[in-house]
Amino acid sequence: MKLKESGEMYLETIYILTGKTPFVRAIDVCRHMGYSKPSVSRALGILKDGGYVAVDSEGHLSLTEKGKEIAEKTYERHTLLTSYFVNLGVDEKIAAEDACKIEHVISDETFAAIKNHAKIYGK
């Protein structure tokens, strides 16, 4: 199952929240993303069925290896692209918004080139 942009965003959100708190629940995802509980519940069900997210008996969410791999990739793209754009002189808010859009469609090859360029120039 190939994830759509929204699925990647949910995984990235769970990844970010996991770094901030020991337990992540659906309501935490709702608050972070600004989505309704029914929307989040539906998306999490799809992610669970796809093998990207696990939910324990207390409703705590965790990423499976497959989910964590996608979340880490998406998060790396987001953070590096945001930083790269800011270093080019783009306002931080706009840089983050643009990075969020680009992180889902940029090819691995192009991202690797940007990552390499950023390392060379210390960005």
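Residues numbered from 1 in each chain as written. Predicted model: local features only at pLDDT ≥ 70, side-chain atom pairs only at ≥ 80, totals over all residues. Heavy atoms only, no water.

**Considerations on the packing of aromatic side chains**
Part 1 of the argument: Taken as a whole, this structure holds three aromatic pairs when the rule is applied.
Part 2 of the argument: Ring centres of Tyr-10 and Tyr-35 lie 5.9 Å apart, and the angle between their planes is 55 degrees; on these two criteria the pair is classed as tilted. In this pair, Tyr-10 sits in helix H1 (residues 5-18) while Tyr-35 sits in the loop between helix H2 (26-33) and helix H3 (37-49), placing the two residues 25 residues apart along the sequence.
Part 3 of the argument: Residue classification places Tyr-10 among the buried residues on the basis of a relative accessible area of 6%.
Part 4 of the argument: For the ring pair Tyr-15 and Tyr-75, a centre distance of 5.5 Å and an interplane angle of 55 degrees mean the geometry is tilted. Of this pair, Tyr-15 sits in helix H1 while Tyr-75 sits in helix H4 (residues 65-87); the two residues are 60 residues apart in sequence, bridging distant segments of the chain.
Part 5 of the argument: In this structure, Lys-66 packs its charged tip against the face of Tyr-52, placed 4.5 Å from the ring centre. (Phe/Tyr/Trp six-rings, centres within 6.5 Å; stacked < 30°, edge-to-face > 60°. Helix = DSSP H or I, 4+ residues; strand = E, 2+ residues; numbered from the N terminus. Buried < 20%, exposed > 50% of the residue type's maximum accessible area, 1.4 Å probe, protein only. Lys NZ or Arg CZ within 6 Å of the ring centre and 35° of its normal.)

**Description of the pattern of salt bridges**
Part 1 of the argument: One pass over the full model with this rule turns up seven salt bridges.
Part 2 of the argument: Between Arg-25 and Asp-28 there is a salt bridge whose closest N-O contact spans 3.5 Å.
Part 3 of the argument: For Arg-25, a relative accessible area of 38% translates into the label partly exposed.
Part 4 of the argument: Ionic pairing is found between Glu-76 and Lys-115, a salt bridge with its closest N-O pair at 2.4 Å. (Salt bridge = Lys/Arg side-chain N within 4 Å of Asp/Glu carboxyl O.)

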